[in-house]
Structures are given as structure tokens and as C-alpha cells.
Amino acid sequence: MQERNNQISLQSTATRILQELVEAPSVTPCDSGLIITMARYLEELGFETTWFEVNGVRNLIAKQCFSEGPSFAFSGHVDVVPAEKAHWHTDPFKATVVDEVIYGRGVSDMKGGIAAMLSATRVLLSSAEKLKGTFYWLLTSDEEGEAEYGTKQIVERLGEAGVTIDACLVGEPTSHTRVGDVIRNGRRGSISGAIKIAGKAGHVAYPEQTVNAAHIAGKVVAILCDLAWSKDQPDVKTTLQVTGVTTTTDVDNIVPEACQVNFNVRYSHGYCNQEIIAMIERSLASFKDNLSVDWSRACNPYYTSADTEHAFLNLVEDAIVQCTARYPIVNTAGGTSDGRFFANGHTQIIECGVKNDTIHQANECLPINDLIKIEQIYLTILHSFFKDDNDPS
Ligand SMILES: [Zn+2]
């Protein structure tokens, strides 16, 4: 009976917070006041808060030190992608409950995670247990965009203050078919390239007087697709995809003078951006008189292994087993995330959140039971991370 009561109170707290968060239309980079709302909630729980603005983006650092010991950070974003009202059955900026499912923009990505963690934080702090370590909450309103002024700036500020986080939980929606079935211990890096190929135009009947930029482009594409990624790990593979090939002509009697090949590389943590650039430029060296490469949108990878002492990955896995009776799949799938900004060789970063099957879509939704389940998982993680082994209770 007691467990049932406990569940009901968990449910109502997280749901109520989530409803409040959804009703603020915080489309990137606007936070619609949510950074300050969250700062107020965390202050009520005893956190010291600092919020700061960079280029119109608000970020929050909240900190509560219990005692000497390791530091834990919950990292999240209050911003959401836009919602086209015409495609929704309900108002995307009102959390509407239909058949025990909450509909609204950001309920899964990732206001649900924030509401669950806030509710879990309350429960943790209201228990009589003695806690050790330092608890950080790190929130931004610039994750869904270029992410230049969000978590990157938060980590820089922490660095200036001499703070390196020991364990970071990113609340992104990682689950696949049920809450806790998939978590991420890394993300691949990403970089885009645009290869500009210069040839010499002329009549197609006299090819010996021309340099066909499209033919060079064909050879370039073949080389890119044949690259071997020897530094990949068994569980994380590098992939290169050509995303476009364009020429200057669309008639059938002129050899094209110029051609552009666009591509993107998603690379494993065996590589860094500079190595990818060097490797691709070396592979194209025989065409160097005819082409140049513009690089853009570089994002470094991150990877957290279970090979360290007191590995945070093991702690999260154990919490999930306790709450769901099953081990999660651990992978580095998906696009880039703010987790990359914490990568420094020390910080152990794990992403764990609700299901991602409706994120960025019309009618984004989150079953109330999933919100309860992720809150239980978060609370179990918090209890086990901050538990003071010297506390007899
Ligand atoms: Zn997200």
C-alpha cells in the first residue's frame, strides 16, 4: 500500500511540473522563462544557482554540495523544436492527457526528463539519508540549434571555476520500445565537407579539349566510399555518406566546368576531426590541382567505457536492472548530443531517458507510466551515486 501511495505522489509531482514546462513555448533559443523557473525550483531545494546569458541564450548552473566526494551533473535542455499547430490533434504548448498519455511539444525531448529528475531530486533531498558528493544541475536553452551558446558555455564556465564533473547523466530520450531498454555511453563525431571540383568546359564532341569536372567527381565519390576505417571499435563504426553531387550545367552538349560533392562523416571515437580531415585530403591528393575541400559543422565524439573503477556506466545499468528487471542495451547510436561537450578523458557521460519514438514529430507524446518509470530510474541512480557508505541508516 505504501508503495502505491508513493507512486501516486511521484506521478502527480512529475506530471504537474511537466505540464508547467510544456506550457512555456521555449522554441530554440528562447527559454520562455524556464531557466529562471527551474532556478527557483532548485533554490527551494537548497541549490545555489547562477544563470547567465550568451548571445540571447540563457543557461543555468545549479550546485548543491553535500560533503567531500565525487560530483554528479544532470545535463538537460529546456528548448524544443518548433511545432506546426495544424498537424497536431491538441495544442502543442498545452500538456494534454488522453488515455494516460501526455501530448505536447517537448514531453519526450526532453521536458519529461527534466520533470522526472526534478521530482526525483525532491524525493532524494527529502529522505533522511546522509549524502556525499556534489550535485549539479546544468540546463540550457540551446541544444536543438547550433548549440554554440549552450552547454559548451556551461562547461567553459565550470572549467574556469576549476570544476571537472565526475559523472554526467544526460536526460535525452534514448529508450526504444520500453523505458530503460537503451542507454548511450557515447556518440559518434560528425563533420561535413564540400569538395569543389574545377574542370574546363567545352563541347562534348571534343573531350580532349576539356577537363570534365563530373568525371573527376565520380572518381572522388568512389574514393570516399572505399575508405577503410581501421581505428574503428567493434561496437562503433565510422560511416561516410555522400549527400549531394551538383554540376554547373544541365544540357547534354557541354562538358561541365565545375562540380561539387557534399558529404558527411559520422566517425567512431578512434578518430578526431583533424584525423578525418587529414585522411580524406590525403586520399584525394592526386586531384589536388582540380579540387578544394571546405569543412564545416565539426562535432567531436565522446565515449565512456565500463573499464574504470566505480564505473558510472555500471551504476546506471544496475539502477535500470533494479527498476525494470532487465539490462539495457548500451550503444552510441543517433546523432550528436550535448554529451560531447563534457568529453575530457575524465568525465563519465551516460545518456538515459524516455522513448524517442515521437520526438520532433507532430503529436509528440509520453505515457504517464513512462514518466513514472524514468523518475524511478533517476531516483535509483541518485540514491546510489550520493549514498554515503558511512551512514549507518
Ligand atoms: Zn533533446
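None of the values given here were measured: they were computed from a predicted structure.

(A) Examining the packing of helix 7 (residues 312-324) against helix 8 (residues 368-386) more closely. Between helix 7 and helix 8, the least distance of the axes is 9 Å, while the angle of their chain directions is 135°. Judged on the interaxial angle alone, helix 8 and helix 7 are oblique. Crossing angle aside, the handedness with which helix 7 passes helix 8 is right-handed. The residues of helix 8 that touch helix 7, namely those facing F312, L315, V316, A319, I320, Q322, C323 and T324, are K373, Q376, I377, T380, I381, S384 and F385. Of the residues belonging to the contact of helix 7 with helix 8, the class tally is nine nonpolar, five polar and one charged.

(B) The layout of surface pockets, seen in detail. Its boundaries defined by the atoms lining it, the largest pocket holds a volume of some 750 Å³. As for the largest pocket, its lining consists of 30 residues, and the residues nearest its centre are E143, C299, T336, S337 and R340. Among the elements that line the lining of the largest pocket, the one with the most residues is strand 15 (residues 291-299), at three residues. Residue composition of the lining of the largest pocket, grouped by class: six nonpolar, 11 polar and 13 charged. Each of domain 1 (13-187 + 301-386) and domain 2 (193-299) gives at least three residues to the lining of the largest pocket.

(C) Structural context of helix 5 (residues 213-226). If you check helix 5, its first and last C-alpha atoms are 20 Å apart, about what 14 residues at 1.5 Å a residue would give, namely 20 Å. In this structure, the buried residues of helix 5 make contact with strand 10 (189-198), strand 12 (239-247), strand 14 (258-267), helix 6 (273-283) and strand 15. Of the residues flanking the start of helix 5, the one acting as N-cap is N212, its side-chain oxygen 2.8 Å from the backbone nitrogen of A214.

(D) Focus on the coordination of the zinc ion. Within the protein, the zinc ion binds to H77 (NE2), D109 (OD), E172 (OE) and E172 (OE); these donor distances fall in the range 1.9 to 2.7 Å. Metal-centred angles of 52 to 148° between the four donor atoms at the zinc ion mark the site as irregular. Sequence spacing among the residues donating to the zinc ion works out to H-x31-D-x62-E. Of the two residues, H77 is situated in strand 3 (residues 71-77) and D109 in helix 3 (residues 107-126); the sequence distance between them amounts to 32 residues.

(E) Representation of the domain arrangement of the protein within the structure. Partitioning the protein into structural domains gives domain 1 (13-187 + 301-386) and domain 2 (193-299). For domain 1 and domain 2, the distance between their C-alpha centres works out to 39 Å. Taken over both partners, the interface formed by domain 1 and domain 2 buries close to 680 Å², and the fraction arising from carbon and sulfur atoms is 58%. Run the count over domain 1 and domain 2 and you get one salt bridge. If you look at where domain 1 meets domain 2, you find one residue pair in polar contact (both at pLDDT 80 or more).

(F) Structural view of the packing of aromatic side chains. Within the structure shown, the criterion is met by 13 aromatic pairs. Look at F72 and F312: their rings are 6.0 Å apart centre to centre, the planes differ by 75°, and that puts the pair in the edge-to-face class. In this pair, F72 sits in strand 3 while F312 sits in helix 7, placing the two residues 240 residues apart along the sequence. A residue is classified by how much of its surface remains accessible, and F72, at 0% relative accessible area, is buried. Measuring from centroid to centroid gives 6.2 Å for F312 and F385, while their planes differ by 90°, and the two rings are edge-to-face. With F312 in helix 7 and F385 in helix 8, the pair connects residues that are 73 residues apart, well separated along the chain. By relative accessible area, F312 is classed as buried at 2%. Looking at F385, the relative accessible area reads 10%, which means it is buried. The ring of F52 carries the charged tip of R157 above its face, separated from the ring centre by 3.9 Å.

Conventions adopted
Residues numbered from 1 in each chain as written. Predicted model: local features only at pLDDT ≥ 70, side-chain atom pairs only at ≥ 80, totals over all residues. Heavy atoms only, no water. Axes fitted to C-alpha atoms, helices over the stretch in contact; angles between N-to-C directions. Helix = DSSP H or I, 4+ residues; strand = E, 2+ residues; numbered from the N terminus. Parallel < 35°, antiparallel > 145°, perpendicular 65-115°, else oblique. Left-handed = near helix turned anticlockwise from the far one by under 90°. Contact = heavy atoms within 4.5 Å. Nonpolar A, V, L, I, M, F, W, Y, C, P; charged D, E, K, R; others polar. 1 Å grid on protein atoms, 1.4 Å probe; cavity = no way out; pocket = protein on both sides within 12 Å on 5 of 7 lines; lining within 4 Å. Points joined across faces, edges and corners; volume = space filled by probe spheres on them. Domains from an automatic or database assignment. Expected span 1.5 Å × (residues − 1). Polar contact = N/O pair within 3.5 Å; in protein donor to acceptor, adjacent residues only side chain to side chain. Donors = N, O, S within 2.8 Å, 3.2 Å for Na, K, Ca; no water. Tetrahedral: all angles 85-135°; square planar, octahedral: opposite > 155°, others 65-115°. Buried area = accessible area lost by both parts, 1.4 Å probe. Salt bridge = Lys/Arg side-chain N within 4 Å of Asp/Glu carboxyl O. Phe/Tyr/Trp six-rings, centres within 6.5 Å; stacked < 30°, edge-to-face > 60°. Buried < 20%, exposed > 50% of the residue type's maximum accessible area, 1.4 Å probe, protein only. Lys NZ or Arg CZ within 6 Å of the ring centre and 35° of its normal.

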